[in-house]
Amino acid sequence: MRRPSPGPIFLFAALLLLGVLAAPVAAVLAAMPPADAIRTFARTGGDALRVSLIASAGATSIATLLGVPAGYYLSRRSPRLRAAAIFLLALPLAFPPVASGLMLIYVLGTNAPFGAWLSAHGLTVPDSLVGVGAAEFFVSGSFVAIAATAAFGTIDPIYGDAARTLGASEWRIFSRIALPAAAGSIGAGIAFAWLRAIGEYGATSIVAYHPTSLPVALYVALSASGVREALALCYGFVVLAAIVLAAAWVLRRGVVQ
């Protein structure tokens, strides 16, 4: 059955929103030929891309390992407890990036008690790859838990109750029933967490300006070398984002269908 069209005003709003948001991206892609962007990016952004990929992959992996089971647990708690937990999880997403970096320094810096303890045991977080990952995790890790909580919350509890009557363990219910049913939405949350992590500049620049991540390299290129090199790095961000979002869409479509 074909759905009726909502009407021209809704179409106008959708087209206007898409146009306003897509125009800057299209302008960047049109400003530099792809071949020139690839050459410039390979020359100036290769090392920064490696740092960003490693750090963001680590941050997103930890966010997934913690966020998915946490989301499952919260989805089965009382609405009041769940709302309080979501509020706390959402706080880092609302902080200005520089403020997030300062908060992390007061925990992980070498003059902070915990940071000093880590440094004494051979792990110095500031200006290290671990520091880049820590900053990226702090600003993006909540995405997975929030998405997982919402996804698990939409599953009818009757399926879990039926499995329990047949003797299924909680882990089996989680892994065989809840996780496959929520996988599409969780995958989208993981993708957005990764995009937020790899694009983080403010907190990363405070905690670990070195090794240079891709957002920091973009700022340095714009300041030191001008618009052309920065434009190539910006071009790279657009391509990375498009690849990840396309993969998340394919995953979600495959799971839902």
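The rules behind each value
Residues numbered from 1 in each chain as written. Predicted model: local features only at pLDDT ≥ 70, side-chain atom pairs only at ≥ 80, totals over all residues. Heavy atoms only, no water. Phe/Tyr/Trp six-rings, centres within 6.5 Å; stacked < 30°, edge-to-face > 60°. Helix = DSSP H or I, 4+ residues; strand = E, 2+ residues; numbered from the N terminus. Buried < 20%, exposed > 50% of the residue type's maximum accessible area, 1.4 Å probe, protein only. Salt bridge = Lys/Arg side-chain N within 4 Å of Asp/Glu carboxyl O. Contact = heavy atoms within 4.5 Å.

Student: An account of the packing of aromatic side chains is requested, with residue identities and associated values reported.
Tutor: Where two aromatic rings form a pair, the distance of their centres and the angle of their planes describe that pair. Within the structure shown, the criterion is met by 6 aromatic pairs. Between Phe-152 and Phe-174, the aromatic rings sit 5.9 Å apart at their centres with planes inclined by 50 degrees, giving tilted as the arrangement. You can see Phe-152 sitting in helix H8 (residues 142-153) and its partner Phe-174 sitting in helix H10 (residues 170-198), a full 22 residues away along the chain. The pair Phe-152 / Phe-174 is uniform in exposure class, with both members buried.

Student: Summarise the pattern of salt bridges; cite the residues concerned and give the values.
Tutor: Considering all chains together, one arrives at 6 salt bridges under this definition. Between Asp-36 and Arg-228 there is a salt bridge, with the nearest N and O atoms lying 3.2 Å from each other. Here Asp-36 is found in helix H2 (residues 34-44), whereas its partner Arg-228 is found in helix H13 (residues 227-256), with 192 residues between them in sequence. Overall, the relative accessible area of 48% leaves Arg-228 in the partly exposed class. Through salt bridges that share partners, Asp-36, Arg-39 and Arg-228 make up one connected network.

Student: I'd like a rundown of the environment of Val-130, residues and numbers included.
Tutor: Secondary-structure assignment places Val-130 in helix H7 (residues 129-140). Ignoring sequence-local partners within four residues, the contact set of Val-130 consists of Leu-123 and Val-125.

Student: How would you sum up the side chain of Thr-60? Please name residues and give values.
Tutor: If you trace the backbone, Thr-60 turns up in helix H3 (residues 46-75). Setting aside its immediate chain neighbours within four residues, Thr-60 contacts Ile-190, Ala-193, Trp-194 and Ala-197.

Read these as layout, nothing more, since geometry by itself doesn't imply function.
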